[in-house]
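Observations on the three-dimensional arrangement
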Amino acid sequence: MLYSTARVVTDRPHRYIKQLVSHMGRKVPTELDEERGSITFSLGSCLLVASTAHFDMIVKTGTADATAAVQDTITRHLLRFATRDTLTVDWLPLVRPATTKDDAGLLALDRAAWTTGSGLPSTRTDERTAYFDERRKPETHLVATLGGQIVGTVSTHRTTPFPEGAHVYGLWNLLVAEQARRMSIASALLSAAERLAASQGARKVGLRVLATNTGAVRLYEQHGYAVEGRYVDEFLIDGAYVDDLSLGKRLTSHSQGTV
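Starting from 1, residues in each chain are numbered consecutively following that chain's sequence as written. Only residues with pLDDT of at least 70 are given local features in this predicted model, and only at 80 or more are side-chain atom pairs given and counted; all residues enter the totals for whole chains, interfaces and linings. Side-chain descriptors were evaluated using all non-hydrogen atoms of the structure, hydrogens and water having been removed beforehand.

Secondary structure summary: the chain contains 5 helices and 13 strands in total. In terms of C-alpha radius of gyration, the chain reaches 20 Å, essentially the compact-globule figure of 18 Å for 259 residues. The buried label goes to any residue with under 20% of its type's maximum accessible area, the exposed label to any with over 50%, and the partly exposed label to all in between, with areas taken from a 1.4 Å probe on protein chains only. Burial statistics for the chain: of 259 residues in total, 49% are counted as buried. Any two residues having at least one pair of non-hydrogen atoms within 4.5 Å are treated as being in contact. Restricting to contacts in the chain with at least 6 residues of sequence separation, those with at least 24 account for 61%. Residue burial considers only the protein chains on display, and all accessible areas are found by Shrake-Rupley using a 1.4 Å probe. Counting every atom, the chain has about 13800 Å² of accessible surface; 51% of that belongs to carbon and sulfur. Under this rule, positive means Lys or Arg and negative means Asp or Glu; His and the chain ends count for nothing. Charge positions are represented by NZ for Lys, CZ for Arg, CG for Asp and CD for Glu. When the 30 basic and 28 acidic side-chain charges of the chain are each reduced to a single mean position, those positions are 7 Å apart. Secondary structure elements are taken from DSSP: a helix is a run of H or I of four residues or more, a strand is a run of E of two residues or more, and numbering for both begins at the N terminus. Based on C-alpha atoms, the radius of gyration is set beside the globule rule, defined as 2.2 Å times the residue count to the power 0.38.

Structure representation (structure tokens):
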């Protein structure tokens, strides 16, 4: 899937979301609650999430042409409603390659998004002053941004230096900021990482996750990952033994492409 986003600055975010959803609801399926709305087109969907002084729009489709069509439809209707305001709608990819300039933002995300259930407590004793190092490099990372702020990241690269395993890539460090959850950020990062790996020759991707991290396991399974191995009592965390799961997914032709 392809994802794009636009942040619209306004002091009336809820009003515009309600207008868009109500208007489009005459023709296509929609949903609306106090903080967000969704519009489902035949070509894709648009999620709208309100904040204090802006709202974010996230478009999800299967092709670049479909993305452009949904973006155009949403933009035209939104600007038509803005008779009293001057709104700016600039669509950008939700996920992009990381650069060295993202170091501070990624370090802050890493510190804020980590939880006991998502990783090993001992890894938090190292008070790093930088995110990137010899093990974590910008060229292997992707970042998700909303309104210029980094809200998610994932890393992908080959799992082994041996040529016999050159077709297998791994996914690491999938993180999403708490305030950006339930916005398809993790799904966007997974899709982009798979496309990136496929463009570099990967035919399979794999990952490891603690069995206690049931939310992450469910997310991966929804995206086609299957448990390939269970390492029983692999870690002792807070006095309890925890299994470590190995998940994998074979990439198919629809995963090919570039980020």
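This is not the end of the story, as more comes after the structure.
Take the nonpolar core next. Counting 49 residues, the largest nonpolar core has Ile185 and Tyr220 as the members making the most contacts within it. Take this core: its biggest share by element is 10 residues, from helix α4 (residues 185–199). Leave out the neighbours within four places in its chain, and Ile185 touches Ile58, Leu94, Ala144, Leu146, Val151, Gly152, Val176 and Ala180. Counting residues in hydrophobic clusters, the runner-up holds 24 residues, among them Val21, Val28, Phe81 and Trp91. By convention a nonpolar core is built from buried Ala, Val, Leu, Ile, Met, Phe, Trp, Tyr and Cys residues, the set being connected through side-chain atoms within 4.5 Å.

Time to look at the sheet that holds strand β1 (residues 2–9). Taken together, the 6 strands give an open sheet; going across it, the order is β2-β3-β4-β5-β1-β6, and neighbouring strands pair in antiparallel fashion. Of all strands in the sheet, those bounded by a partner on one side alone are β2 (30–32) and β6 (92–93). Note: β1 against strand β5 (residues 54–61), 8 bridges, orientation antiparallel. The residue bridging Val9 from the neighbouring strand is His54, located in β5. Each axis is a line fitted through C-alpha atoms, taken for helices only over the stretch in contact, and angles between the N-to-C directions span 0 to 180 degrees. Taken strand by strand, helix α2 (residues 64–81) contacts β1, β3 (36–40), β4 (44–50) and β5, and its axis lies near 150 degrees from that of β5. Any two strands are treated as partners once DSSP identifies two or more bridges connecting them.

This part takes up the sheet that holds strand β13 (residues 240–250). Read from one edge of the open sheet, 7 strands run β7-β8-β9-β10-β11-β13-β12, paired in mixed fashion. With one partner strand each, in any of the chains shown, β7 (95–97) and β12 (226–237) form the two edges of the open sheet. Pairs of neighbouring strands in the sheet enclose a mean axial angle of 25 degrees, with direction left out of account. Note that strand β11 (residues 204–210) and β13 share 7 bridges and pair antiparallel. The residue bridging Val205 from the neighbouring strand is Lys249, located in β13. The strands that helix α5 (residues 214–222) touches are β10 (168–176), β11, β12 and β13; relative to β11, the one it contacts most, it runs at about 160 degrees.

Here the focus is the confidence of the model for the chain. For every residue, the predictor reports its confidence as pLDDT, a number between 0 and 100. Across the chain, the average pLDDT comes to 91, with 95% of residues at or above 70. Low pLDDT, under 50, characterises residues 254–259; the predicted model gives this stretch 13 contacts beyond four residues in sequence or across chains.

Extensive coverage of β3 is indicated by the burial of 4 of its 5 residues. Sheet topology places β2 next to β3; 3 bridges connect them, and they run antiparallel. Bridging from a neighbouring strand, Thr30 pairs with Ile39 of β3. Taking the residues between adjacent antiparallel strands as the criterion, β2 and β3 are bridged by 3 residues. Sheet topology places β3 next to β4; 5 bridges connect them, and they run antiparallel. From the neighbouring strand, Ser38 faces β4, where its bridge partner is Leu47. Counted between consecutive antiparallel strands, the loop separating β3 from β4 contains 3 residues.

The criterion for an aromatic pair is that two Phe, Tyr or Trp rings (for Trp, the six-membered ring) have centres within 6.5 Å, with stacked assigned to planes under 30 degrees apart, edge-to-face to planes over 60 apart and tilted to the rest. With the rule as written, the count across this model stands at 2 aromatic pairs. Where Tyr131 meets Phe132, the ring centres are 5.4 Å apart and the plane angle is 80 degrees; that geometry is what we call edge-to-face. Among the residues examined, Phe132 registers a relative accessible area of 13% and is labelled buried.

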